[in-house]
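For reference, the chains in residue letters:
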Amino acid sequence: MKTILEKNGVNIRYKPVGQFEETRFEKIHNVIFTDSNQASIKVAEEIAALIRKKQGANKNCVLGLATGSSPIRVYEELVRMHKEDGLSFHNVITFNLDEYLPMEKDNRQSYWYFMHEHLFNHVNIAPENIHIPDGTLAPNKVIDYCIAYDEKIKKKGGLDFQLLGIGRTGHIGFNEPGSHYNSGTRVITLDHITLLDAAPAFLGIDNVPRKAITMGISTVMSAKRIVLLGWGENKANIIKKTIEGKISPQVPATYLQDHKNCTFVLDTGAGSQLTRNKTPWLVDESLEWTETLTSKAIVWLCDETKKSILSLTDKDYNDNGMSGLLAMEDSYDLNIKMFNKLQHTITGWPGGKPNADDSSRPERAKPARKRVIIFSPHPDDDVISMGGTFDRLIEQGHDVHVVYQTSGNIAVSDTDALRYAEISKRIAPSEEAQNIIDSIEQKNDSSFDSLEVRKLKGNIRQGESYAAVRYLGLEDSKVHFLNLPFYETGTIKKNNLSEKDIEIVQAIIADIKPHQIFAAGDLADPHGTHKVCLDAIFESLNRLKTESYMDDCWVWLYRGAWHEWDVDEIEMAVPMSPSQVLKKRYAIFCHQSQKDGVMFQGDDSREFWMRAEERNKNTAERYRALGLSHYAAMEAFVRYKF
Ligand code: F6R
């Protein structure tokens, strides 16, 4: 059978992980890769092949292009191909999907700036072949401009290829919910969720333009070939709705179900909610029941039937696509095994219980006093995500070190920084304090924080971290700030992980020689700081794996502020009493610059302590619903075996 790509005349095979046949639930062809990097390279190869094929026929290649975090790696690869493999863009004509309104070209947040920074400045495309909607137009000029934009696409022969990302509202381009199937290029008011998602880049939602010019749905649908990119768990729900749901203006991306040559290229995170991945037993009766899958299915079955594990019957299994499991064991055995497995994840001794039988505990009893590193990507992830466990580790006498990987300076507001600079100036007037005050007061949309301002902001966060961990009883000598260089760009966009970053992380592990490492295993945002920090740890572990002390080192992953592990994945669940919940709350309160409408709120307007409490309570409730003991709250960890 020919792949869709081959039908398109481009002989590239995507090699997805797992099965990818369209199932009865899926209405859009999709391929899932373990890694967005590999996936992006494949997409870049498809685009390059198309450009070359058109060159061979002496024709122009008309590309519709997207901005945002999703296509960045594709553009990087196209630039690499241009520089190293001689890929020429002389026959390429581009039309970008959208631009904010109003928006100046030289504003760092403009899509004009983005496209030049990531692609156009580095390849041999003729400037007159670049088309990006103009965000500087006067209101009375926009309608004619939009009509002309669509006309121009047609005049150039139509879009040969359209690259898309997808917003959490289901927007493609900026076609927000309510967009009509026949819509052309036009002005649109951005959805609140889109404004929230854009807020970090604009340093606050109030700075995000409310409107944009976007190519219409019909413009996008007219493309001969469409590839939509989706990375990370944050996209998983909207990807599921788009691929499996009904076509609806409320989820504009569902219109793509009608396109004849469209592929969604996803990573495992973005594809994780698709029925064939989340509940494969519902689509495949000949499934191989691994232990992981069995746990996942039983937890799901309890949710579905609203029963505890030990109350599940053969009929429950049979009625819900899990009869294959019963072929090997009856429900009684399955239930007991699963119950015990979960029971053994619960421990009040996250560093191991001294002098106890540890054969069915998550952690080893020995050594009784462990050296522990808690890695925290930002200066508050430690207390937000594992404040209760942190507290217990100290209380139970372990040698705990907390290691803050980045300075977190970008997340301190100018108002906070100004307040500290003014206090400093009032106490002891200095040139430095005055420079900081001047620099903040003179800041505009396209300027960065000066080095001094960034230093002050980093110091504010350090002070807050000290306050929080002192409150938990940790000595200052056990607190380490790495200020990893990849983070220190002064902008939202960070550098890639460098050798220097890895060396710094490696050095602290080698120095402390830990028995336990706790790290943020946050995979929700594949481009985010947490992922880069985790990569630095993984690479360091890899380099240190032959050291003898590493044989005794266990790595536990917690999740950042946004998500929690699924119950079936959890390997250590640390219960918290109501008073420990309060203690954790007060530790989070110490991070004052991150309270009350912080800049990097994401889609959840609650403060971090509220989210943490809700999430820890939720984990405890889920354990209770499965028939295990009922605690006030629980923190959860998964062991990483390297
Ligand atoms: C960008 C665009 C948007 C983005 C979407 C996803 O030109 O039109 O539809 O593709 O908002 O953005 P990221 O990739 O940043 O998640």
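Residues numbered from 1 in each chain as written. Predicted model: local features only at pLDDT ≥ 70, side-chain atom pairs only at ≥ 80, totals over all residues. Heavy atoms only, no water.

A.B. asks: Tell me about the overall build of the protein chain, and please be specific about residues and values.
C.D. replies: Within the protein chain one finds 21 helices and 17 strands. By the compact-globule yardstick of 26 Å for 642 residues, the protein chain fits well, its C-alpha radius of gyration being 26 Å. Based on the C-alpha atoms only, the size of the protein chain along its principal axes is roughly 80 × 80 × 45 Å. Sorting the 642 residues of the protein chain into buried and exposed places 55% on the buried side. Pairs at least 24 apart in sequence give 74% of the contacts found in the protein chain among residues at least 6 apart. (Helix = DSSP H or I, 4+ residues; strand = E, 2+ residues; numbered from the N terminus. Rg over C-alpha atoms; globule rule 2.2 N^0.38 Å. Buried < 20%, exposed > 50% of the residue type's maximum accessible area, 1.4 Å probe, protein only. Contact = heavy atoms within 4.5 Å.)

A.B. asks: Describe the side chain of E607, naming the residues involved and giving the relevant values.
C.D. replies: Inspection of the secondary structure puts E607 in the loop between α20 (578–589) and α21 (608–625). On the basis of relative accessible area, E607 is assigned to the buried category, the value being 14%.

A.B. asks: Any details on the pairing of strand β3 (residues 92–96)? Residues and values, ideally.
C.D. replies: Burial within β3 is extensive, with five of its five residues counted as buried. The side-chain alternation of β3 yields two buried faces, one formed by V92, T94 and N96 and the other by I93 and F95. Bridge analysis of strand β2 (residues 61–65) against β3 gives five bridges, and the strand direction is parallel. Looking at β3, one finds that L65 is bridged to N96. Taken together, β2, helix α3 (residues 72–85) and β3 constitute a β-α-β crossover, and its handedness is right-handed. As paired strands, β3 and strand β5 (residues 130–131) are joined by two bridges and run parallel to one another. Counted as the bridge partner of F95 is H131 from β5. (Pairing = 2+ DSSP bridges. Right-handed = clockwise from strand over helix to strand, strands pointing away.)

A.B. asks: Help me get a handle on the domain arrangement of the protein chain, residues and values and all.
C.D. replies: One can read the domain layout of the protein chain as domain 1 (50–68 + 76–223 + 248–261), domain 2 (288–343) and domain 3 (371–411 + 461–640). Distance from the C-alpha centre of domain 2 to the C-alpha centre of domain 3: 32 Å. Taken together, the two surfaces of domain 2 and domain 3 that pack against each other cover about 860 Å², and 64% of this comes from carbon and sulfur. On the domain 2 side of the interface with domain 3, the three residues burying the most area are V299, F339 and L342, jointly 50% of the side's total. (Domains from an automatic or database assignment. Buried area = accessible area lost by both parts, 1.4 Å probe.)

A.B. asks: Before we move on, could you go through the state of the cysteines and cite the residues and values that matter?
C.D. replies: Tallying each qualifying case throughout the model produces zero disulfides. In this structure C553 is a free cysteine whose sulfur lies 17 Å from that of C533, the closest cysteine sulfur available. (Disulfide = S-S within 2.5 Å.)

A.B. asks: Please provide a residue-by-residue account of a nonpolar patch on the surface, values included.
C.D. replies: Taken together, the side chains of L310, Y332 and I336 make up a nonpolar region of the molecular surface, amounting to roughly 310 Å² of accessible area. By the secondary structure assignment, Y332 is in helix α13 (residues 331–343). For Y332, a relative accessible area of 57% gives the class exposed. (Patch = residues over 30% accessible without salt bridge, like charges linked within 9 Å, V, L, I, M, F, W, Y side chains within 5 Å. Areas by Shrake-Rupley, 256 points an atom, 1.4 Å probe, with all protein chains shown as cover. Salt bridge = Lys/Arg side-chain N within 4 Å of Asp/Glu carboxyl O.)

A.B. asks: Kindly report on the sheet that holds strand β6 (residues 161–164), identifying the contributing residues and their values.
C.D. replies: Adjacent strands of a sheet form backbone hydrogen bonds with each other and so pair up, either parallel or antiparallel. The sheet built from seven strands is open, its strands ordered β1-β10-β9-β6-β2-β3-β5 with parallel pairing. The strands lining the two open edges of the sheet, one partner per strand, are β1 (29–33) and β5. Strands in contact with helix α5 (residues 139–155) are β3 and β5; relative to β3, the strand with the most contacts, it is inclined by about 155°. The sheet contacts of helix α8 (residues 236–244) involve β1, β9 (226–230) and β10 (262–267), and relative to β10 the element is tilted by about 155°. (Axes fitted to C-alpha atoms, helices over the stretch in contact; angles between N-to-C directions.)

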